[in-house]
Amino acid sequence: PGWICCITGPSGAGKSILLNALCGQTPPDERIRIENIPLESTHSVIDCIDSPPAQSLPILTRAGLSDVWCLLQSPTSLSEGQKWRYRLAKALMTPAKFLFADEFCAALDTTTALVIACQLRRTIRRTGRILILAGCREDVLAELQPDVLVTVSSLACIRVLYADAKKAPTSPQNRSVASQ
């Protein structure tokens, strides 16, 4: 609980295939795929949230959607980055233990991606959920601070690094991220 696993590597290396395989190993009622959350077109963002404002606004703020303009737009009319952040907020409002995200922060500018990575790390650690994400953005790793970093060059070449070498399974291929 509270761990973050980041799958990174170049486009076409197999990150999504690995993410899908990991997702398939978790109980369906305990997982959510962020990119699969539907976007509503007939209601505003704030009206699409089932929680009371006192509970939902802090989560929307952590996802970078706290300005009035975003809250009053329908999710389908948001920019691609805002749509991704809306889905992230919706995922955080579910009871799902496992959160899966493909193309993590891909549609976000660097500053927003770094802020979202930091906020998401804090939320995952505090709530004890498990975040498994895939993406090409290595610039967010310092803020995200993943416990497990999986680097995929191809499906035949996967490297797994642990932030805490004591928690890594004993294997000569696995080394601590800190020792690199």
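Report follows, based on the coordinates.

Analysis parameters
- Residues numbered from 1 in each chain as written.
- Predicted model: local features only at pLDDT ≥ 70, side-chain atom pairs only at ≥ 80, totals over all residues.
- Heavy atoms only, no water.
- Buried < 20%, exposed > 50% of the residue type's maximum accessible area, 1.4 Å probe, protein only.
- Helix = DSSP H or I, 4+ residues; strand = E, 2+ residues; numbered from the N terminus.
- Pairing = 2+ DSSP bridges.
- Phe/Tyr/Trp six-rings, centres within 6.5 Å; stacked < 30°, edge-to-face > 60°.
- Axes fitted to C-alpha atoms, helices over the stretch in contact; angles between N-to-C directions.
- Parallel < 35°, antiparallel > 145°, perpendicular 65-115°, else oblique.
- Contact = heavy atoms within 4.5 Å.
- Core = buried A, V, L, I, M, F, W, Y, C linked by side-chain atoms within 4.5 Å.
- Expected span 1.5 Å × (residues − 1).

**Considering the pairing of strand β4 (residues 130–135)**
Then comes step 1: For β4, the tally of buried residues reaches six of six residues, placing the bulk of the element in the interior.
Then comes step 2: Every second residue of β4 is oriented toward a common face, with Ile 130, Ile 132 and Ala 134 on one face and Leu 131, Leu 133 and Gly 135 on the other, all of them buried.
Then comes step 3: Across five bridges, the pairing between strand β1 (residues 4–8) and β4 is parallel. Directly across from Ile 4, in β4, lies its bridge partner Leu 131.

**Points about the packing of aromatic side chains**
Then comes step 1: Within the structure shown, the criterion is met by one aromatic pair.
Then comes step 2: Aromatic pair Trp 84 and Phe 104: ring centres 5.4 Å apart, planes at 80°, arrangement edge-to-face. Of this pair, Trp 84 sits in helix α4 (residues 80–92) while Phe 104 sits in the loop between β3 (98–101) and α5 (110–127); the two residues are 20 residues apart in sequence, bridging distant segments of the chain. Neither residue differs from the other here; Trp 84 and Phe 104 are each classed as buried.

**Here's the deal with the packing of α4 against α5**
Between two packed helices, what matters for the description is the angle formed by their axes and the separation of those axes.
Then comes step 1: In the contact formed by α4 and α5, the axes pass within 13 Å of each other and the chain directions differ by 5°. Between α4 and α5, the angle is such that the two are roughly parallel. Where α4 approaches α5, its residues Trp 84, Arg 85, Leu 88 and Leu 92 are matched on the opposing element by Thr 112, Ile 116, Leu 120 and Thr 123.

**Quick look at the nonpolar core**
For soluble globular proteins, the rule of thumb is that nonpolar side chains tend to be buried together.
Then comes step 1: Of all hydrophobic cores here, the largest spans 39 residues; its most connected members are Trp 84, Phe 104 and Leu 133.
Then comes step 2: For this core, the secondary structure elements donating two or more residues are β1, α2 (53–62), α3 (68–72), α4, β3, α5, β4 and α6 (141–144).
Then comes step 3: A per-element tally of this core places α4 first, with six residues.
Then comes step 4: Apart from the residues lying within four places of it in its own chain, the contact partners of Leu 133 are Ile 4, Cys 5, Cys 6, Ile 7, Leu 19, Ala 101, Phe 104 and Leu 144.

**Digging into the environment of Pro 146**
Then comes step 1: Tracing the backbone through its elements, the reader meets Pro 146 in the loop between α6 and β5 (148–154).
Then comes step 2: With 139 residues separating them along the chain, Pro 146 and Ile 7 place their C-alpha atoms 9.6 Å apart.
Then comes step 3: Setting aside anything within four residues of it in sequence, one finds Pro 146 in contact with Ile 4, Cys 6, Leu 141 and Ala 163.

**Topic: the environment of Leu 39**
Then comes step 1: Here Leu 39 lies in the loop between β2 (31–33) and α2.
Then comes step 2: Expressed as a C-alpha distance, the spacing of Leu 39 and Leu 114, which sit 75 residues apart in the sequence, is 24 Å.
Then comes step 3: Apart from residues no more than four positions distant in its own chain, Leu 39 is found in contact with Pro 75, Thr 76, Lys 83, Tyr 86 and Arg 87.

**Examining α4**
At 3.6 residues per turn, the α-helix brings residues three or four places apart onto the same side.
Then comes step 1: With 13 residues, α4 extends 19 Å from end C-alpha to end C-alpha; this agrees with the ideal 18 Å at 1.5 Å per step.
Then comes step 2: Among the 13 residues of α4, 12 are classified as buried, and the element is accordingly described as predominantly covered.
Then comes step 3: Among all positions in α4, only Gly 81, Gln 82, Lys 83, Trp 84, Arg 85, Tyr 86, Arg 87, Leu 88, Ala 89, Lys 90, Ala 91 and Leu 92 are buried.
Then comes step 4: Next to the buried residues of α4 lie β2, α2, α3, β3 and α5.

**Describing unusual backbone geometry**
Then comes step 1: With phi around 55°, Glu 103 is a residue other than glycine that occupies positive phi space.
Then comes step 2: A relative accessible area of 40% means that Glu 103 is categorised as partly exposed.
Then comes step 3: Although it is not a glycine, Gln 145 sits at a positive phi angle of roughly 50°.

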